[in-house]
Amino acid sequence: MNNVDEEYISYITEFAKSDAVKEMKKYVQHGDTSTYEHCLNVSYYSYKVAKKLGLNAKQCAIGGLLHDLFLYDWHDKDRDGKKEFFLPHGFTHGVVAERNARKYFNIDEICSDIIITHMFPLTIWKVPKYKESYVVLMVDKYLSTAEVFTRKRKRTMIPGVEF
Ligand SMILES: [Fe+2]
Ligand SMILES: [Fe+2]
């Protein structure tokens, strides 16, 4: 394909091929967008923004892909009895996603911070430490809003990446 961003693809391939990341295809994130699609979009656009700003684009790509690796349907209030936090999903899923990311992959400190703090300022107990974390949390908020209000066929997709 002409438009494939080879550098981006090289950063995420190992993760995108894993069963843990593929499991996100099962869950709806917003509107008609799966958690998998949402995470790929956040990953790619965070990578692009980080490149423009001269930040760590690789960690933004990986952190963006794993930021919602909580692996449950967050619309399901009971979560099959698996609910372990008193606070609602918005406050806690970054912690769950980061724990899963460490369980399945070798992630670095920047990536870990990106995932845990991506719901800041809801994560008032943990302020983002890195500029890369702010990139991902802003892209996540922007795309989450777009996913709620925009139909799939009108959304920008990542060149060369199949959902
Ligand atoms: Fe999230
Ligand atoms: Fe998200």
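One structure accompanies this document, and this report is about it.

Reading the values: the criteria
- Residues numbered from 1 in each chain as written.
- Chains lettered and ligands numbered in written order.
- Predicted model: local features only at pLDDT ≥ 70, side-chain atom pairs only at ≥ 80, totals over all residues.
- Helix = DSSP H or I, 4+ residues; strand = E, 2+ residues; numbered from the N terminus.
- Buried ≥ 20, exposed ≤ 12 C-beta atoms within 10 Å, placed from the backbone.
- Contact = placed C-beta atoms within 7 Å.
- Axes fitted to C-alpha atoms, helices over the stretch in contact; angles between N-to-C directions.
- Parallel < 35°, antiparallel > 145°, perpendicular 65-115°, else oblique.
- Left-handed = near helix turned anticlockwise from the far one by under 90°.
- Nonpolar A, V, L, I, M, F, W, Y, C, P; charged D, E, K, R; others polar.
- Expected span 1.5 Å × (residues − 1).

A word on the overall build of the protein chain
A count of helices and strands for the protein chain gives seven helices and two strands. For the protein chain, the α and β elements follow one another from N to C terminus as α-α-β-β-α-α-α-α-α. Relative to its 163 residues, the protein chain shows a buried fraction of 40%. Counted over contacts in the protein chain with a minimum sequence separation of 6, partners at least 24 positions apart contribute 63%.

Describing the packing of helix 3 (residues 35-53) against helix 7 (residues 131-149)
For the pair helix 3 and helix 7, interaxial distance at closest approach is 9 Å and the crossing angle is 130°. Considering the angle they form, helix 3 stands oblique to helix 7. With respect to the hand of their crossing, helix 3 and helix 7 are arranged in right-handed fashion. Contacts between helix 3 and helix 7 pair His-38, Asn-41, Val-42, Tyr-45, Ser-46, Val-49 and Ala-50 from the former with Glu-132, Val-135, Val-136, Val-139, Asp-140, Leu-143 and Glu-147 from the latter. In terms of residue class, the contact of helix 3 with helix 7 is built from eight nonpolar, three polar and three charged.

A closer look at unusual backbone geometry
The omega torsion across Phe-120 and Pro-121 is 10°, close enough to zero to call that bond cis. Relative to the helices and strands, Pro-121 resides in the loop between helix 6 (109-116) and helix 7.

Let's talk about the environment of Arg-99
Within the element layout of this structure, Arg-99 appears in helix 5 (residues 89-104). By the C-beta count within 10 Å, which is 15 here, Arg-99 ends up partly exposed. Distance from Arg-99 to Ile-115, taken between C-alpha atoms, is 9.4 Å for residues 16 residues apart in sequence.

Some words on the environment of Asn-56
Among the structural elements, Asn-56 can be located in the loop between helix 3 and helix 4 (57-66). For Asn-56, a count of 21 C-beta atoms within 10 Å gives the class buried. For the pair Asn-56 and Lys-131, spaced 75 residues apart in the sequence, the C-alpha separation amounts to 8.9 Å. What Asn-56 contacts, discounting residues up to four positions off in sequence, is Ala-50, Ile-110 and Glu-132.

A few points about helix 3
Residues three or four positions apart in an α-helix share a direction because the helix packs 3.6 residues into each turn. With 19 residues, helix 3 should reach 27 Å at 1.5 Å per residue; the first-to-last C-alpha distance of 26 Å fits that figure. Within helix 3, 15 of the 19 residues are buried, which leaves the element mostly enclosed by the surrounding structure. Just beyond helix 3, the residue with positive phi is Gly-54, at close to 70°.

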